[in-house]
Amino acid sequence: MKNLNQKKILLIICGGIAAYKSLDVIRILKKNGSKVKTILTKNAKNFVTPLSIASLSQEKVYTDLFNSENEAEMDHISLSRWADLILIAPATANTISKISFGLTDDLASTVVLASNKKIFIAPAMNVRMWEHQSNKENLKKIKEYGYEIIGPETGEMACGEYGEGKMSEPNSIVKHINNYFKKLDNNQKLRALVTAGPTQEYIDPVRFISNKSSGKQGYEIANSLNENGFETTLISGPTNLNPASGINFIKVKSADEMLEEILNNLPSDVAIFSAAVADFKVKSVESQKIKKNKIFELSLEKNIDILRHISNHNSLRPKLVIGFAAETSSLKKNAKKKLSEKNCDWIIANDISKKGIGFESDFNEVSIFYKNNSEEKFKKMRKSNLAEEIVNRIISQLN
Ligand code: CTP
């Protein structure tokens, strides 16, 4: 598992009988060159000892939130920043519920909430607890937050019952982590460009024409590309959002400025045009504020179609060009028309007349129309989860 070499893993062990298997997780990670720091919850200390973990990991073991010695050396923030990845194995129903509600009453839960890293969770619990509605709800919530669940497996449990809830085998957990780093290492060679938000087309120094786009979907796609190792540039019209750190972030106002910045930042392997570019701009922008006693007609001209321009560019066209289509009727027909007229590879289309999705919402419901004439429909989901689905498809296409 060569992608684990020199990777920094923060392992959180919770109080369950499966905790003994975590020693094997540490052993395999170490064998493959990873550095492992471990946090033990209070209950975990009933199953494994700090001494055995310290000897295996050859690192200090962290247990308490308020320990003057530990806090001085490495506090909960530095611990979560140190890690390339956090693994919670075994994760008990209690810890899963704490994460789902954002509770921070010990070092483990505080580190998780303070983390900006990928978090993998390997649950282990009795089958009834695993199947309990409240556990299911908590898992659904934490998956939406972007946590990745490994397992559990079905089998005979320590309590004698049989069913789903056994922690995955250490080797399979570590393989999962290796695959994550492998994807990241491969993608590091790839460049992505994303446009997002509305554009503002000025009439005079204080007035402009714009639209309702919040930019959320584009920012989520940029964040997900960035998390997956892409060198990501986000070119955005005015929004209230902040991109994740690590993204090359460029703010623009008008469609003309957006095109200029796109050209400055190509070539790229993939470009995703999610911006709601204004179709028209004002023919001549007044340099002084227009007074209300002046009767005037607004004369507009078409903005350049950025997506079409880049899709047809001889030298700068990215390998994969993805456009969006915001429609209020005839979704399929209009999306397919845009796909062929704009010469892009995929069109991600949504029906913006539907309530609770699209503009300004945290949710989206889209179909992807591919160049080979196929269509893939997605159910209504959070924009962050849809971004992951889109990025997974981008990765398979580029690799
Ligand atoms: N787009 C663009 N430049 C424009 C207008 C749109 O690059 N001047 C891109 C958008 O970023 C999106 C796609 O084209 O990826 C489709 O945008 P949409 O607003 O749905 O369609 P339009 O081309 O503007 O067509 P219409 O408004 O007639 O539906």
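In what follows, the structure referred to is the one given above.
Residues numbered from 1 in each chain as written. Predicted model: local features only at pLDDT ≥ 70, side-chain atom pairs only at ≥ 80, totals over all residues. Heavy atoms only, no water.

Trainee: Help me understand the environment of S80 in this model?
Mentor: Mapping S80 onto the fold places it in helix α4 (residues 76-82). Spatially, the C-alpha atoms of S80 and S115 are 5.2 Å apart, while their sequence positions differ by 35 residues. Non-local contacts of S80, meaning those with residues more than four positions away in its chain, are made with L10, I86, V111, A114, S115 and K117. A distance of 3.0 Å separates a polar atom in the side chain of S80 from the backbone oxygen of I77. For S80, the side chain forms a polar contact with the side chain of R81, separated by 3.1 Å. (Helix = DSSP H or I, 4+ residues; strand = E, 2+ residues; numbered from the N terminus. Contact = heavy atoms within 4.5 Å. Polar contact = N/O pair within 3.5 Å; in protein donor to acceptor, adjacent residues only side chain to side chain.)

Trainee: What am I meant to see in the pairing of strand β4 (residues 85-91) here?
Mentor: Side-chain direction in a regular strand flips from residue to residue, so the side chains alternate between the two faces of the sheet. Of all 7 residues that make up β4, 7 are buried, and the element is covered over most of its length. Bridge analysis of strand β1 (residues 8-13) against β4 gives 4 bridges, and the strand direction is parallel. Following the sheet pairing, L10 is matched in β4 by I86. In terms of strand pairing, β4 meets strand β5 (residues 118-123) through 5 bridges, oriented parallel. Its bridge partner being in β5, L85 is matched across the sheet by K118. (Buried < 20%, exposed > 50% of the residue type's maximum accessible area, 1.4 Å probe, protein only. Pairing = 2+ DSSP bridges.)

Trainee: Explain the pairing of strand β7 (residues 153-156) to me, please; I cannot follow it from the model alone.
Mentor: In the sheet, β7 pairs with strand β8 (residues 162-166) via 4 bridges, with the strands oriented antiparallel. In the strand pairing of β8, E153 is matched with K166. Counting the residues between successive antiparallel strands, the hairpin from β7 to β8 contains 5 residues, one of them, G160, with a positive phi of roughly 100 degrees.

Trainee: Would you mind going over unusual backbone geometry with me for this structure?
Mentor: Most peptide bonds are trans, and most residues other than glycine sit at a negative phi. For the bond from A89 to P90, the omega torsion is -5 degrees, close enough to zero to count as cis. Structurally, the position occupied by P90 is in strand β4. Cis geometry marks the peptide bond from G151 to P152, where omega comes out at 0 degrees. Here P152 is to be found in the loop between β6 (148-149) and β7. The phi dihedral of Q58 is positive, around 55 degrees, even though this residue is not glycine.

Trainee: It is not clear to me how the pattern of salt bridges should be interpreted in this structure. Could you clarify?
Mentor: If the charged atoms of two oppositely charged side chains come close together, the side chains can form a pair. Applying the stated criterion to the full structure yields 23 salt bridges. R128 is paired through a salt bridge with E131; the nearest N and O atoms lie 3.7 Å apart. One end of the pair, R128, and the other, E131, are both in helix α7 (residues 127-131), 3 residues apart, so they sit about a helical turn from each other. For R128, a relative accessible area of 55% translates into the label exposed. With a shortest N-O distance of 3.6 Å, K371 and D345 are connected by a salt bridge. Pair noted here: K371 is in the loop between β20 (366-370) and β21 (375-377) and D345 is in the loop between α13 (331-341) and β18 (346-351), with a separation of 26 residues, a long-range link. The structure contains a network of salt bridges with shared partners spanning K98, D105 and D106. (Salt bridge = Lys/Arg side-chain N within 4 Å of Asp/Glu carboxyl O.)

Trainee: Help me understand the sheet that holds strand β13 (residues 248-251) in this model?
Mentor: To summarise the sheet geometry, strands pair through backbone hydrogen bonds and adopt either a parallel or an antiparallel arrangement. Read from one edge of the open sheet, 8 strands run β13-β12-β9-β14-β17-β18-β20-β21, paired in mixed fashion. Each end of this open sheet is capped by a strand with a single partner; those strands are β13 and β21. The mean angle between the axes of side-by-side strands here comes to 15 degrees, regardless of whether they run parallel or antiparallel. Summarising the sheet, strand β9 (residues 191-196) and strand β14 (residues 270-273) pair through 4 bridges and their orientation is parallel. Considered in β14, the bridge of T195 is made with F273. The sheet contacts of α13 involve β17 (320-327), β18, β20 and β21, and relative to β18 the element is tilted by about 150 degrees. (Axes fitted to C-alpha atoms, helices over the stretch in contact; angles between N-to-C directions.)

Trainee: For this particular structure, what's the right way to read the site of the ligand?
Mentor: In the vicinity of the ligand lie 14 residues, with F273, A275, L307, F324 and K342 positioned nearest. Taking F324, its main chain carries an N or O atom lying 2.8 Å from an oxygen atom of the ligand. Side-chain polar atom of K338 to an oxygen atom of the ligand: 2.8 Å apart, as the coordinates give it. Contact with the protein chains hides 77% of the accessible area of the ligand, taken as 560 Å² for the molecule alone. Broken down by secondary-structure element, the contributors of at least two residues to the shell around the ligand are α12 (306-311) and β17. Taken together, the residues of the shell around the ligand break down into 9 nonpolar, 1 polar and 4 charged. (Near = heavy atom within 4 Å. Areas by Shrake-Rupley, 256 points an atom, 1.4 Å probe, with all protein chains shown as cover. Nonpolar A, V, L, I, M, F, W, Y, C, P; charged D, E, K, R; others polar.)

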